[in-house]
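Analysis of the macromolecular model
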Amino acid sequence: MIKFIHTTKKFGDNVVHKDIDLHIERGKITFIIGPSGTGKSVFIKQIIGLIKPDTGSILFDGQDICAMDDSELLGVRRRVGLLFQNAALFDSMNVFDNVAFPLREHTEKTEAEIARIVHDKLRQVGLKNIDMAYPSELSGGMKKRVGLARAIALDPEVMLYDEPTTGLDPIMTDVVDSLIVSMQRTLNSTSVVISHDIKTTLEVADNIIMIYAGEVVARGTPKEFQASENPIVRQFFSGSWEGPISVY
Ligand SMILES: Nc1ncnc2c1ncn2[C@@H]1O[C@H](COP(=O)(O)OP(=O)(O)O)[C@@H](O)[C@H]1O
Ligand SMILES: [Mg+2]
């Protein structure tokens, strides 16, 4: 579904991606892991064309993202659902209007159709009777669910999650994990999840790609990662500070 072909990216002297070469399989949940500052968020932004690589190319469903004009990029973005760390709800809009936003923005649907879809999506993330609530009245976990309902409003083919469970307690983490899996099943989409959470990664991922020092250093299934003898992988999974990953 998504291919990075030897991409590089630097910001000034800061070389973030030295050589990223990977593909994201259609219909699977792929986790991207690696220490902070290795360009994982940059990677997500590149998938939707918010940041361009310096060299190399990125294919989205076979089409080169880097060669697209604004209207073509908009076409890609409509096929993608995004959930960032701080759910990024519109504080001035109630829950209903937050979830309805992409439908009003990108479709010609009637308000009646929109209401049906909004309630269907809220139900899918386990929420009801909160249409009129404002984000400031919601817990962190509820905000995350509303953000997810909004992200799936247009039935995206690709879901991108940037650290969806960071800052959540263990119970909410489990809830979000199972939502990622159930979204995947109901939408039959392709999911890319950036995570620091080792337990989540092993439980939810079909495939794992590890990025370290600007390059892909390992890829495989959770089973293969658990059995890996790669010292960088081992250190990440043990969460230890000693080993090849340098700590600043
Ligand atoms: N728009 C930008 N301009 C300049 N530097 C950036 C920009 N976006 C990210 N960076 C830098 O790129 C590096 C990787 O950032 P990021 O992708 O956020 O890392 P990660 O998500 O893996 O923690 C960081 O050093 C960050 O400061
Ligand atoms: Mg990040």
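Please read these numbers as outputs of a predicted model, since none were measured by experiment. (Residues numbered from 1 in each chain as written. Chains lettered and ligands numbered in written order. Predicted model: local features only at pLDDT ≥ 70, side-chain atom pairs only at ≥ 80, totals over all residues.)

Counting its regular elements, the protein chain contains 9 helices and 10 strands. Taken over C-alpha atoms, the radius of gyration comes to 18 Å for the protein chain, in line with the 18 Å a tight globule of 248 residues would show. Its C-alpha atoms give the protein chain principal-axis dimensions of about 55 × 45 × 30 Å. Counting only residues that meet the buried cut, the protein chain has 34% of its 248 residues in that class. (Helix = DSSP H or I, 4+ residues; strand = E, 2+ residues; numbered from the N terminus. Rg over C-alpha atoms; globule rule 2.2 N^0.38 Å. Buried ≥ 20, exposed ≤ 12 C-beta atoms within 10 Å, placed from the backbone.)

Moving on to the site of ligand 1. Close to ligand 1 lie Phe11, Asn14, Val16, Ser36, Gly37, Thr38, Gly39, Lys40, Ser41 and Val42. By residue number, the principal contributor to the shell around ligand 1 is helix H1 (residues 40-47), which donates 3 residues. Here the residues of the shell around ligand 1 are counted per class, giving 3 nonpolar, 6 polar and 1 charged. (Near = placed C-beta within 6 Å. Nonpolar A, V, L, I, M, F, W, Y, C, P; charged D, E, K, R; others polar.)

Here we come to the nonpolar core. Counting 53 residues, the largest nonpolar core has Ile32, Val99, Ala149, Leu160 and Ile180 as its most contacted members. Leu160 has contacts with Ile44, Ile47, Val80, Leu82 and Val192, leaving out every residue within four places of it along the chain. (Core = buried A, V, L, I, M, F, W, Y, C linked by C-beta atoms within 7 Å. Contact = placed C-beta atoms within 7 Å.)

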